[in-house]
Amino acid sequence: MQPKRTVIMISGRGSNMAALVEAAAEHGHPAKIVGVLSDKAEAPGLDYAARAGIATRVVARADYASADLHDGAIDEALEELGAELVCLAGYMRKLSPGFVRKWLGRVINIHPSLLPLFRGLNSHRQALEAGVRIHGCTVHFVTPAIDAGPIIAQAAVPVLPDDSEETLAARVLAMEHKLYPRALRLVAEGKVQMQGERTAFQGFRVLRESSDRALFAPEPDTGVVDVESLARFTP
Ligand code: GAR
């Protein structure tokens, strides 16, 4: 099977983009990154993409009279690049309903929270304010409502008692870099598909013996918050 032609959309740093590019460069990966598109000419991620030999496109909002026209130009760029899949990786702009409808089931996004909790901006601050003991990240299909589409995959991390937004964000980001390439693989292989408001999963083996494992934060017996315990859940 030909690898799925995938375009990554960014607005900034592009660390998730780099994780996707690196993973897809592995031999036999089911996705091929054919372009990186940004709405910001100054996005640092563009340099990385260019150095990696990937086509880059800047489609700046300021160059278009309306959000619909901007998304129309993005759509054109995606068609030109021959995109079959689109990964939003820190693309910080809402996509218009018409664009989302056209690409429905083919655009995925990563959000730094365990959705449906803490949608929108400042998800780490929201998590700290809510006092949750477990936080994480989610890859989901993009629908017109922001951060609300069918969930594909999630990864959880503990919240430590002395966490700041920065320390928590860094712990989640490290997990994002593991989760997003795995989720892209599943979508590109056709093992997960958007079906209405849910994600349909195909060909998964369930190991019942491990279904009683959980990430405890803090560990109920010891009261310890054990960041290393994550290793037991992430092969
Ligand atoms: C990531 O944490 C990503 O989950 C988040 O922006 C950051 C981008 O970092 N995305 C959102 O908040 C989207 N709602 P990166 O540019 O280094 O990948």
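For the structure, check the block above.
Overview of the structure. Since the model is a prediction, treat every value here as computed from it, not as a measurement.

1. Notes on the overall build of the chain
Stage number 1. The helix and strand inventory of the chain stands at 6 helices and 9 strands.
Stage number 2. Radius of gyration (C-alpha) of the chain: 18 Å, near the 18 Å computed for a compact globule of 235 residues.
Stage number 3. Taking the principal axes of its C-alpha atoms as reference, the chain extends roughly 55 × 40 × 35 Å.
Stage number 4. Buried residues in the chain amount to 46% of all 235 residues.
Stage number 5. Long-range pairs, those at least 24 residues apart, make up 63% of the contacts in the chain between residues at least 6 apart in sequence.
Stage number 6. Total accessible area computed for the chain in this model is approximately 12,200 Å², and 53% of it derives from carbon and sulfur atoms.
Stage number 7. Positive and negative side-chain charges of the chain, numbering 26 and 28 respectively, have mean locations separated by a distance of 5 Å.

2. Observations concerning the side chain of S96
Stage number 1. Tracing the sequence through the fold places S96 in the loop between β4 (85-88) and α4 (97-103).
Stage number 2. Here S96 is in contact with D68 and D71, once residues within four sequence places are set aside.

3. Structural notes on the nonpolar core
Stage number 1. Membership of the largest hydrophobic core comes to 41 residues, with the highest contact counts inside it found for I8 and I152.
Stage number 2. No other element matches the 10 residues that helix α6 (residues 165-188) contributes to this core.
Stage number 3. The next biggest cluster of nonpolar side chains, apart from the first, holds 20 residues, and it includes L78, L81, F99 and V107.

4. Here's the deal with the pattern of salt bridges
Stage number 1. Going through the model one piece at a time under the given rule, you end up with 9 salt bridges.
Stage number 2. The salt bridge involving E189 is made with R185; its shortest N-O contact spans 3.3 Å.
Stage number 3. The closest approach of N and O atoms between E189 and K191, which form a salt bridge, is 3.9 Å.
Stage number 4. What makes E189 partly exposed here is its relative accessible area of 30%.
Stage number 5. The class of K191 is partly exposed, set by a relative accessible area of 33%.

5. Looking at the site of the ligand
Stage number 1. The full set of residues close to the ligand is R13, G14, S15, N16, G90, M92, I110, H111, P112, D147, L173 and E176.
Stage number 2. A distance of 2.9 Å separates an oxygen atom of the ligand from a polar atom in the backbone of N16.
Stage number 3. Separating a nitrogen atom of the ligand from a side-chain N or O atom of H111 is a distance of 3.1 Å.
Stage number 4. Relative to its free-state accessible area of 450 Å², the ligand is covered by the protein chains to the extent of 87%.
Stage number 5. Among the detected pockets, the ligand sits in the second largest pocket.
Stage number 6. Among the elements of the structure, α1 (15-24), β5 (107-111) and α6 are those that each provide at least two residues to the shell around the ligand.
Stage number 7. Split into classes, the residues belonging to the shell around the ligand amount to 4 nonpolar, 5 polar and 3 charged.

The rules behind the values
Residues numbered from 1 in each chain as written. Predicted model: local features only at pLDDT ≥ 70, side-chain atom pairs only at ≥ 80, totals over all residues. Heavy atoms only, no water. Helix = DSSP H or I, 4+ residues; strand = E, 2+ residues; numbered from the N terminus. Rg over C-alpha atoms; globule rule 2.2 N^0.38 Å. Buried < 20%, exposed > 50% of the residue type's maximum accessible area, 1.4 Å probe, protein only. Contact = heavy atoms within 4.5 Å. Areas by Shrake-Rupley, 256 points an atom, 1.4 Å probe, with all protein chains shown as cover. Lys, Arg positive; Asp, Glu negative; His and termini not counted. Charge placed at Lys NZ, Arg CZ, Asp CG, Glu CD. Core = buried A, V, L, I, M, F, W, Y, C linked by side-chain atoms within 4.5 Å. Salt bridge = Lys/Arg side-chain N within 4 Å of Asp/Glu carboxyl O. Near = heavy atom within 4 Å. Polar contact = N/O pair within 3.5 Å; in protein donor to acceptor, adjacent residues only side chain to side chain. 1 Å grid on protein atoms, 1.4 Å probe; cavity = no way out; pocket = protein on both sides within 12 Å on 5 of 7 lines; lining within 4 Å. Sits in = over half its atoms within 2 Å of the grid points. Nonpolar A, V, L, I, M, F, W, Y, C, P; charged D, E, K, R; others polar.

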